[in-house]
Amino acid sequence: MSITLDFDVQQLDNKRPMHLHYLPAKIVGDGECTDVDKHFNNYTRQAPEFGNGVLTNALRGYPLLGQQESVPKGYKGLVLQETDPNQAERQLRLTGTFQNFTYWNYDKVPSKSDGYQQALVMLDVAEALAEPVSEEALEEEMKLQKQAKKENA
Amino acid sequence: MNKKATRSTKPKPDPDAAPQKQAVCAVKKVFFIADNLLQAEDGADRMRLERFYHPGKGQPAWFITHHDCQIMEMLEYGEPRRSWLLNNEVCSNGRTYMTTPLDATLLALHHLRKHCSQRAMSLDSISVDASDASTNRLLTKFVTAAGLKCVADVKASGDLVFYKYNPQRTLAWLTLKTRGVVAVLKAKQVHCGLGAKSQNYVRSEKLVSENDVNEMDYLRMACDYVGRYLDADLHEELTRYLQIPSEIQALVEEKSSAQKRKSQQGQPSANSKKIKLANGEDAASQLRNSSLLDSDDGKDSITSPPTPAPLKERTMTAKEKALAKGAKGSKSIASFFKAK
Amino acid sequence: MFEARLGQATILKKILDAIKDLLNEGTFDCSDSGIQLQAMDNSHVSLVSLTLRSDGFDKFRCDRNLSMGMNLGSMAKILKCANNEDNVTMKAQDNADTVTIMFESANQEKVSDYEMKLMNLDQEHLGIPETDYSCVVRMPAMEFARICRDLAQFSESVVICCTKEGVKFSASGDVGTANIKLAQTGSVDKEEEAVIIDMQEPVTLTFACRYLNAFTKATPLSTQVQLSMCADVPLVVEYAIKDLGHIRYYLAPKIEDNET
């Protein structure tokens, strides 16, 4: 079973980038909501009292604190949509791309202790784990292994 | 009204609801895809999401592949109560799907250990009994010869190549990988100790030198991270090979070193090396005395005396002490159940 | 004589791992209905009850009721000598003072046998009365293990509070407080990921965290765990062992502050 990412990579930069907000709320529903610019973006304010680059807004009366985030270096942000999950040959089509988005927390200044920030560390850890090991380093380590065994015997 | 969000629900369409117009409501997902998967050489070739057996999870997991040679892991980052706003649409799926680099050799390890431990086999014959084509596809397309060489003995006979799993080589290879992870954890200043530490506070210079950044904590976390890709028993083997004491042992060690630090307060940092050595000895002898290590000498024979030594006469192991401590304040279970 | 054979040593390994941290030794009571083990831990705060039905074994024979006292640490060491896929056979003669444990590799080319001395353990059997539990929670075993592990960082005690809203696990200590709430899952793809709460009456009880973490060593045995609670009655943490039986851990609640 496989899912094809059915879009032409060369088309990626053709569309205008999408505007994304990462909201600290569980919204039960998908699809068009409203004019986000008019009813949400219009109310975004800079809040230097919380720190450099911190923004404020509100959702249904709940205070939001946010900041502009970039997609991690070496990555592209893509929004993909499944055509029909019941198909045998599943396909994901490209809805749009983005390089930045606004990260929002519920009433908490965005900081390094946010789960999302800590998750990004995993990208670097995964890279370190995927680093190939050279033949020489491996032989060296095995020699040390043998020596240690002899010493302990 | 808002539904209560639970850990494992995805919003499912109500089967009795009137059919919704499908147009914009198909579920969207937000992805971070690595640039090197997006190099357009051949416009017709598409990236695919495929399932391969994931040794750490014990079941197939999703991976992203391209050009029948590139493979990356598909990680799903999710927090409770998150959604995306995409231009003028809401997206209930608040997760972020990220492609992360992966050494496919880690996936191959499971199959090598399972089939090639006793004798050398070719890649095609390993996957002969597999339930689907994914094993063969993984081994022939995405695992590299260089990678296999690190964990197996390679024998060539004419055109055919045979591989036999080599446990010592694998442990050495995993050790080098683990050290790479330790380096990154240190560079990123990831807190690996046993307590919780906020990332928001700036640590003073003085404290940094006193709280000897515990090498073993980094090693343990790195080993556990590598272990997420390994069969459970191989992870245990690696933990033992790297001589990582269990967390209870570390707790006991930390307590004894904290007491030592208190008494050494005010002394110049030149003594810090001595303190570390003293800790090291304590840890080693404690480890030996506890029953956590398998003793290699035959003195600790498997046959046990007919009657067990009463607890008061034996010294308790760290585990037993910890459990006994946990028992304080609980009622006695014998008071609930009467002897038959 | 007594003889029991299991197709996969891994199950027995997992069972031993699940009990050896709590119990140093235990008596395996063998009868023609199967193997039972019941023992309290050293502090008499918890009780482990293991039941393995005879029909779950590949081969089971027990001529006379037999009680075998064993050092569980030693037994775990012996089981470490087996590969997960090996056949394991336990054999003992009537009135013998040793038990033989044999492993056969899957291709039957390697056969190992180990003989272990049995112990004289005088352990009384406790009668566990039938109890109507006020709250029964079924949840993924990994989830429960995760919760116990996380909360142990905050306190020695965990408060489990079950109301119609769901089940809440709390811990508070010097570091701060932690609360983990689980509600009944609406609909899930896989049954083993579901959280099912059967509540007759709300219950709040406090338990020792370390013991809960000792119980979660049984997580490899089952995808789901069942917690049963009732006021002033020990908690039951039950892991089903597929096709074979179950392991039940009973844990006495902590003494409340207003009690003597």
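Parameters and conventions
Position numbers for residues count from 1 along each chain, tracking the sequence in the order it is written. To read the labels, note that chains go from A and ligands from 1, taken in the order they are written. Side-chain atom pairs in this predicted model are given and counted only at pLDDT of 80 or more, local residue features only at pLDDT of at least 70, and totals for whole chains, interfaces and linings cover all residues. UniProt positions are given in the numbering used here, feature names are shortened, and annotations may be inferred rather than shown by experiment. What counts as a helix is a DSSP run of H or I of at least four residues, what counts as a strand is a run of E of at least two, and both are numbered from the N terminus. Partly exposed residues are those falling between the two cut-offs: more than 12 but fewer than 20 other C-beta atoms within 10 Å of their own, whereas 20 or more means buried and 12 or fewer means exposed, with C-beta atoms placed from the backbone. By the convention adopted here, residues make contact when the C-beta atoms placed from their backbones lie within 7 Å. As a working rule, the residues Ala, Val, Leu, Ile, Met, Phe, Trp, Tyr, Cys and Pro are called nonpolar, Asp, Glu, Lys and Arg charged, and the rest polar, with Gly in that last group. Two strands make a pair as long as DSSP finds a minimum of two bridges between them. Here an axis means a line fitted to C-alpha atoms, over the contact stretch when the element is a helix, while the angle between two N-to-C directions is reported on a 0 to 180 degree scale. Confidence scores labelled pLDDT are given residue by residue by the predictor and lie between 0 and 100. Angle categories: roughly parallel below 35 degrees, roughly antiparallel above 145, roughly perpendicular from 65 to 115, and oblique for all the rest. Crossing handedness follows the turn of the near helix against the far one: under a right angle anticlockwise gives a left-handed crossing, and clockwise gives a right-handed one. The term nonpolar core means buried Ala, Val, Leu, Ile, Met, Phe, Trp, Tyr and Cys residues held together as one set by C-beta atoms within 7 Å. Where each domain begins and ends follows an automated or database-derived domain assignment. Multiplying 1.5 Å by the helix residue count minus one yields the expected span of that helix. As used here, the arc belongs to the directions running from the helix axis to the C-beta atoms.

You'll find chain B entered in an unreviewed UniProt entry as Ribonuclease H2 subunit B, with Drosophila rubida given as the organism. A UniProt comment under Subcellular location (unreviewed entry) is attached to chain B, and it reads "Nucleus". Regarding chain B, the UniProt comment filed under Subunit (unreviewed entry) reads as follows: "The RNase H2 complex is a heterotrimer composed of the catalytic subunit RNASEH2A and the non-catalytic subunits RNASEH2B and RNASEH2C."

(A) Here's a closer look at the overall build of chain B. Counting its regular elements, chain B contains eleven helices and ten strands. Out of the 340 residues belonging to chain B, those deemed buried represent 29%. Long-range contacts, defined here as pairs at least 24 residues apart, represent 64% of the contacts in chain B between residues at least 6 apart.

(B) Representation of the overall build of chain A. Per the secondary structure count, chain A includes three helices and nine strands. Taken from N to C terminus, the helices and strands of chain A fall in the order β-β-β-α-β-β-β-β-β-β-α-α.

(C) Representation of the interface of chain A and chain B. Taken together, the contact between chain A and chain B spans 63 residues of the former and 65 residues of the latter. Counting only elements with at least two residues in the side of chain A that touches chain B, the list comes to β1 (2-5), β2 (20-23), β3 (31-32), β7 (75-82), α2 (115-130) and α3 (135-152) of chain A. The greatest single-element share of the side of chain A that touches chain B, amounting to eleven residues, is contributed by α2(A). When its residues are assigned to classes, the side of chain A that touches chain B shows 34 nonpolar, 16 polar and 13 charged. Pairing geometry for β2(A) and strand β5 (residues 83-86) of chain B, over four bridges, is antiparallel. Of the residues in β5(B), the one forming a bridge with Tyr22(A) is Trp84(B).

(D) Spotlight on the sheet that holds strand β1 (residues 28-34) of chain B. Spatially, eight strands are ordered β1(A)-β8(A)-β7(A)-β1(B)-β7(B)-β4(B)-β3(B)-β2(B) in a closed barrel, and the strand pairing comes out mixed. Averaged over neighbouring strand pairs, the angle between their axes works out to 35° when direction is ignored. Sitting on the sheet, α2(A) touches β4 (70-77) and β7 (96-101) of chain B, and the angle it makes with β7(B) is about 25°.

(E) Expanded view of the confidence of the model for chain B. Residue and element names in this part refer to chain B. Per-residue confidence for chain B gives a mean pLDDT of 76, with 67% of residues at or over 70. A low-confidence stretch, residues 17-25 (pLDDT under 50), is modelled with six contacts involving residues beyond four sequence positions or located in other chains. Scored below 50 in pLDDT, residues 294-305 shows twelve contacts in the model against residues more than four places distant or in partner chains. The complex prediction reports pTM at 0.53, with the ipTM value standing at 0.93.

(F) Examining the packing of helix α5 (residues 167-187) of chain B against helix α7 (residues 215-227) of chain B more closely. Residue and element names in this part refer to chain B. Remark: α5 packs on α7, axes separated minimally by 8 Å, with the N-to-C direction vectors making an angle of 120°. In terms of axis orientation, α5 runs oblique to α7. The way α5 lies across α7 gives a crossing that is right-handed. Here Leu 174, Lys 177, Thr 178, Val 181, Val 182, Leu 185 and Lys 186 of α5 lie close against α7, whose contacting residues are Tyr 218, Leu 219, Met 221, Ala 222, Cys 223, Tyr 225 and Val 226. Partitioning the contact of α5 with α7 into residue classes produces eleven nonpolar, one polar and two charged.

(G) Highlighting the nonpolar core. Residue and element names in this part refer to chain C. In terms of nonpolar packing, the biggest core is built from 84 residues, with Phe 207 and Leu 251 touching the most fellow members. Looking at this core, the element that brings in the most residues is helix α1 (residues 9-19), giving six residues. Split by domain, the residues of this core number at least three in each of domain 1 (2-117) and domain 2 (135-251). Those residues in contact with Phe 207 that lie beyond four places of it in its chain are Ser 157, Val 158, Ile 160, Leu 212, Leu 235, Leu 251, Pro 253 and Lys 254.

(H) Just helix α1 (residues 105-115) of chain B, in detail. Counting buried residues along α1(B), eight of its eleven residues qualify, which places the element largely inside the surrounding structure. Inspection of α1(B) places Thr105(B), Leu106(B), Leu107(B), Ala108(B), Leu109(B), His110(B), His111(B) and Leu112(B) among the buried residues, and these make up the whole buried set.

(I) Structural view of the pairing of strand β5 (residues 55-59) of chain A. Residue and element names in this part refer to chain A. The pairing of strand β4 (residues 45-46) with β5 spans two bridges and is classified as antiparallel. Looking at β5, one finds that Arg 45 is bridged to Thr 56. Between β5 and strand β6 (residues 62-70), which pair antiparallel one after the other, the connecting turn spans two residues, and Arg 60 there sits at a positive phi close to 55°.

(J) The arrangement of the pairing of strand β14 (residues 177-182) of chain C in detail. Residue and element names in this part refer to chain C. As paired strands, strand β13 (residues 166-172) and β14 are joined by six bridges and run antiparallel to one another. Across the sheet, the residue bridging to Phe 169 is Ile 180, located in β14. Taking the residues between adjacent antiparallel strands as the criterion, β13 and β14 are bridged by four residues, where Gly 176 takes a positive phi near 155°.

(K) Layout of helix α3 (residues 141-152) of chain C. Residue and element names in this part refer to chain C. In this model, α3 (twelve residues) spans 17 Å end to end at C-alpha, consistent with the 16 Å of a helix rising 1.5 Å per residue. Of the positions making up α3, those classed as buried are Ala 141, Phe 144, Ile 147, Cys 148 and Leu 151. Burial along α3 is one-sided: seen end-on, the buried residues are contained in an arc of 125°.

(L) How the structure looks around the sheet that holds β14(C). All names here are of chain C. Read from one edge of the open sheet, four strands run β14-β13-β12-β16, paired in antiparallel fashion. Every interior strand has two partners, whereas the edge strands, β14 and β16 (203-208), have only one. Direction aside, the axes of adjacent strands within the sheet are offset by 20° on average. Note that strand β12 (residues 157-163) and β16 share six bridges and pair antiparallel. Looking across to β16, one finds that Ile 160 is bridged to Leu 205.

(M) Up close: the packing of α1(B) against helix α3 (residues 134-142) of chain B. All names here are of chain B. Look at α1 against α3: their axes get within 10 Å of each other, and the N-to-C directions meet at 120°. Here α1 lies oblique to α3, going by the angle between them. Helix-helix and strand crossings are classified by hand; for α1 and α3 the assignment is left-handed. Along the contact surface, α1 presents Leu 107, Ala 108 and His 111, while α3 presents Thr 135, Leu 138 and Leu 139.

(N) Geometry of the environment of Arg82(B). As for its position among the elements, Arg82(B) is in the loop between β4 and β5. With sequence-adjacent residues up to four places away left out, Arg82(B) is seen in contact with Tyr22(A), Leu23(A), Pro24(A) and Gly94(B).

(O) Spatial organisation of unusual backbone geometry. For His44(C), which is not a glycine, the phi torsion comes out positive at approximately 60°. Summarising the element assignment, His44(C) is placed in the loop between β3 (34-40) and β4 (46-53).

(P) Layout of the environment of Thr135(B). Residues and elements named next belong to chain B. Within the element layout of this structure, Thr 135 appears in helix α3. A residue is classified by how many C-beta atoms lie within 10 Å of it, and Thr 135, with 23 of them, is buried. Taking C-alpha positions, Thr 135 is 9.7 Å from Arg 51, a pair spaced 84 residues apart along the chain.

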